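Coordinate analysis (summary)
Take a look at the letters that make up each chain.
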Amino acid sequence: MFYAIVGQDVPESLERRLAARPSHLERLQALHQAGRLLLAGPFPAIDSPDPGPAGFTGSLIVAEFDTLDAARAWADADPYVAAGVYASVDVRPFKKVLPA
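In this text the structure is predicted, and so the values were computed from the model without any measurement.

Conventions used here
Residues numbered from 1 in each chain as written. Predicted model: local features only at pLDDT ≥ 70, side-chain atom pairs only at ≥ 80, totals over all residues. Heavy atoms only, no water. Helix = DSSP H or I, 4+ residues; strand = E, 2+ residues; numbered from the N terminus. Rg over C-alpha atoms; globule rule 2.2 N^0.38 Å. Core = buried A, V, L, I, M, F, W, Y, C linked by side-chain atoms within 4.5 Å. Buried < 20%, exposed > 50% of the residue type's maximum accessible area, 1.4 Å probe, protein only. Contact = heavy atoms within 4.5 Å. Arc of directions from axis to C-beta. Expected span 1.5 Å × (residues − 1). Patch = residues over 30% accessible without salt bridge, like charges linked within 9 Å, V, L, I, M, F, W, Y side chains within 5 Å. Areas by Shrake-Rupley, 256 points an atom, 1.4 Å probe, with all protein chains shown as cover. Salt bridge = Lys/Arg side-chain N within 4 Å of Asp/Glu carboxyl O.

Comments concerning the overall build of the protein
In terms of helices and strands, the protein carries three helices and four strands. For the protein, the α and β elements follow one another from N to C terminus as β-α-β-β-α-α-β. The C-alpha radius of gyration computed for the protein amounts to 13 Å, which stays within 12% of the reference 13 Å derived for 100 residues, consistent with globular compactness. A principal-axis box enclosing the C-alpha atoms of the protein has dimensions of 35 × 30 × 25 Å.

Some words on the nonpolar core
Residues Y3, I5, L28, L31, I61, A63, F65, A71, W74, A75 and V91 constitute the largest nonpolar core, which totals eleven residues. The dominant element in this core, judged by the number of residues it contributes, is helix α2 (residues 68–76), at three residues. Those residues in contact with L31 that lie beyond four places of it in its chain are R36, L37, A63, F65 and W74.

Considerations on α2
For α2, every residue scored as buried is listed here: A71, W74 and A75. End-on, the buried residues of α2 take up no more than an arc of 100°, which puts them together on one face. Of the exposed residues in α2, the ones pointing more than 90 degrees away from its buried face are D69 and D76. Looking at the buried side of α2, the elements it contacts are β1 (2–9), α1 (14–33), β3 (56–64), α3 (79–82) and β4 (86–94).

Quick notes on α1
The end-to-end C-alpha distance of α1, which contains 20 residues, comes to 27 Å, matching closely the 28 Å that a straight helix rising 1.5 Å per residue would cover. Against β1, β2 (37–44), β3, α2, α3 and β4 lie the buried residues of α1. After α1 finishes, the residue G35 shows a positive phi value of roughly 75°.

Brief notes about a nonpolar patch on the surface
A grouping of L38, L39 and F94 is seen on the molecular surface, where their side chains present a nonpolar patch of about 220 Å² in accessible area. Considering the arrangement of structural elements, one finds L38 in strand β2. Under the relative-accessibility criterion, L38 is labelled partly exposed at 31%.

Observations concerning the side chain of D78
Checked against the element boundaries, D78 lands in the loop between α2 and α3. Contact partners of D78, with chain neighbours within four places excluded, come to H24, R27 and I61.

Below, the structure is given as C-alpha cells:
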C-alpha cells in the first residue's frame with residue numbers, strides 16, 4: 001500500500017536541509033530503484049520552483065510500504081529528522097486513484 005509522508009520544516013531549516021540532502025536523496029533513490037516511490041519533493045516557501053534563500057517549508061513523499069508501522073519507521077530514520085530539519089512528520093495511508 002502507498003503511504004504519504006509529510007514533513008514540516010522548522011523555521012530557517014535551509015542550512016540543515018542542504019547538509020542532510022545527499023543522505024536524504026540516497027534513501028529516496030533506493031525506494032525508486034526498488035519500484036516503491038510514487039513521488040517525492042519539497043514545498044517551496046515561496047511561489048517559485050527555486051526559492052533560493054527563502055528555502056522550503058516541508059516535504060512530501062508518497063511510497064509503497066508493507067505496513068503503516070514500516071512507513072513510520074522509514075520516516076523516523078530519515079536524515080532530515082536526524083538533522084533537525086523537520087519539526088514534525090505525519091505518515092498516513094494513501095490511495096492512488098488517478099492517473100490510473
